Structures are given as C-alpha cells and as structure tokens.
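Single-letter residue listing:
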Amino acid sequence: LAYERAHTLGDLSVDALCNWGLLEARKGQYHSARSAYQQAFIKAPDHEETLANWAFLELILGNDRQASDLYDRLLTLDPKDLEALTARCCLSVRQQDLEGVQQVTILLRQTIQQDHPVGDGKGSTVELIPAPDLWGALADRFVKKGKPSLAQWARNAESYLSHKLHHDRSIDLKSNSLSTI
C-alpha cells in the first residue's frame, strides 16, 4: 500500500520501483511488475538489479526476445553476472541454438573457474561442460535468491550439452567450436 501511494505521487526511487516490481511479481501481478521495472529503467537504464529482475520476469513469462535484450544489456554492464549468463544459456537451449549454448557455457565456465578453480592448475583449456558440483553450487545460489526455476534451467542447459556431446558428437572440445561430424 505504501508503494502504491508513493507511486501515485510519483515519489519512488529506482530501488523502490525495483522492490515494488518484485512484490507485484510475487503476487502474480505481472503487468504491474513490468510497469514498475519500466519506470525504474527510465530513471536509471543501467540499474543492474532492475535489469536482472525485469529480464527474469520476461524469461519466466516466455518473452524470450525481451528477456534476451535485457540480459544482453545486463551483460554489457557486468559480463561475469552468473545469473545473466545462466539465463542466456537457458534462452539458447529454448531456441535449440547449440552454438549459443556453447558460447555462453564457455563464458559461464570461465567465470566460475575464476571463483572456484578446478583442473590441474597448469592453465589447461576450459572444459565445455562445468563439473556437476559447480552447476550444483550455481543452482544452490539461485534457490537461495528465490529463483529455483533458474537453477533448474541451469541443470537443463547442462543436460542439453551433455546429450549433444555424448550422443551427437556435435561439439569439438579442443577447438571449442561446432563440428560437422
């Protein structure tokens, strides 16, 4: 009620608009949530929390193009944002864009490895598919942030890549590019 009253007076900060959007989304008031995010975006186009929350809303609503545009903008501000990278991977899986999944997964793996080193420590090449324990750590992070669907989508992307790698043999791990085998 306080957010609605302040909104009517045009007195909400960017953070307050973003919080209002979250509250509205949790109530299932997606149009109102989107409106709050749009207003916050107008006030501060580079507000990362607004971009992340709005993109996630569009992602769960199936508005892939809008979600993609918002995640791309967010990744220009923070190229190592694990949520945005995971969501971009999810969008590529939805579109059955193996090359897109591969590219984002490589970035995701590189980002994860900076915080959670794995391998022989001798600068070996980045593995295409993150180890299950790293995907699990990501999934746990998303669940704690109240985004269990994003955690599941991360696991789905891993499954998609694993299937392609082990059954279709359509990924060349050495060159990190698609092959035509």
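Coordinates for the structure precede this section.
Quick caveat: nothing in here was measured; it's all calculated off a predicted structure.

Running from N to C, helix α3 (residues 30–43) and helix α4 (residues 48–60) cross one another at 150°; their axes reach a closest spacing of 10 Å. With respect to α4, the element α3 is oriented roughly antiparallel. In this structure, the crossing between α3 and α4 has a hand that is left-handed. Seen from α3, the contacting residues are Y30, A33, R34, Y37, Q38, A40 and F41; seen from α4, they are T50, L51, N53, W54, L57 and E58. Residue classes in the contact of α3 with α4 are distributed as 8 nonpolar, 3 polar and 2 charged.

Bringing the side chain of D64 into the picture now. Here D64 is to be found in helix α5 (residues 64–77). The exposure class of D64 is buried, given its relative accessible area of 18%. Within the structure, the side chain of D64 is placed 2.4 Å from the side chain of R94, a separation counted as a polar contact. Excluding its chain neighbours within four sequence positions, the residues that come into contact with D64 are L91, R94 and Q95.

What the rule picks out here adds up to 1 aromatic pair. Where F41 meets W54, the ring centres are 5.7 Å apart and the plane angle is 70°; that geometry is what we call edge-to-face. With a gap of 13 residues between them, F41 in helix α3 and W54 in helix α4 connect regions that are remote in the sequence. Overall, the relative accessible area of 6% leaves W54 in the buried class.

The subject of this paragraph is the state of the cysteines. Counted under the stated rule, the structure contains 0 disulfides. With no disulfide of its own, C89 has C90 as its nearest cysteine by sulfur position, at a separation of 7.9 Å.

To continue, consider the environment of S32. Within the element layout of this structure, S32 appears in helix α3. Among the residues examined, S32 registers a relative accessible area of 19% and is labelled buried. Distance in space between the C-alpha atoms of S32 and G21 is 7.0 Å, their sequence separation being 11 residues. When residues no more than four places from it in sequence are discounted, the contact partners of S32 are W20 and E24.

All chains considered together, the criterion is met by 5 salt bridges. One salt bridge in this structure joins R73 and D46, with 2.9 Å as the shortest N-O distance. One end of the pair, R73, is in helix α5; the other, D46, is in the loop between α3 and α4, and 27 residues separate them in sequence. Residue classification places R73 among the partly exposed positions, given a relative accessible area of 32%.

Attention shifts here to the packing of α4 against α5. Where α4 meets α5, the closest approach of the two axes is 8 Å, and the angle between their N-to-C directions is 155°. In terms of orientation, α4 lies roughly antiparallel with respect to α5. Our pair here, α4 against α5, has a crossing hand that is left-handed. Contact residues: α4 offers E48, L51, A52, W54, A55, F56, E58 and L59, while α5 offers Q66, A67, L70, Y71, R73, L74 and L77. Counted by class, the contact of α4 with α5 contains 11 nonpolar, 1 polar and 3 charged residues.

Reading the values: the criteria
- Residues numbered from 1 in each chain as written.
- Predicted model: local features only at pLDDT ≥ 70, side-chain atom pairs only at ≥ 80, totals over all residues.
- Heavy atoms only, no water.
- Axes fitted to C-alpha atoms, helices over the stretch in contact; angles between N-to-C directions.
- Helix = DSSP H or I, 4+ residues; strand = E, 2+ residues; numbered from the N terminus.
- Parallel < 35°, antiparallel > 145°, perpendicular 65-115°, else oblique.
- Left-handed = near helix turned anticlockwise from the far one by under 90°.
- Contact = heavy atoms within 4.5 Å.
- Nonpolar A, V, L, I, M, F, W, Y, C, P; charged D, E, K, R; others polar.
- Buried < 20%, exposed > 50% of the residue type's maximum accessible area, 1.4 Å probe, protein only.
- Polar contact = N/O pair within 3.5 Å; in protein donor to acceptor, adjacent residues only side chain to side chain.
- Phe/Tyr/Trp six-rings, centres within 6.5 Å; stacked < 30°, edge-to-face > 60°.
- Disulfide = S-S within 2.5 Å.
- Salt bridge = Lys/Arg side-chain N within 4 Å of Asp/Glu carboxyl O.

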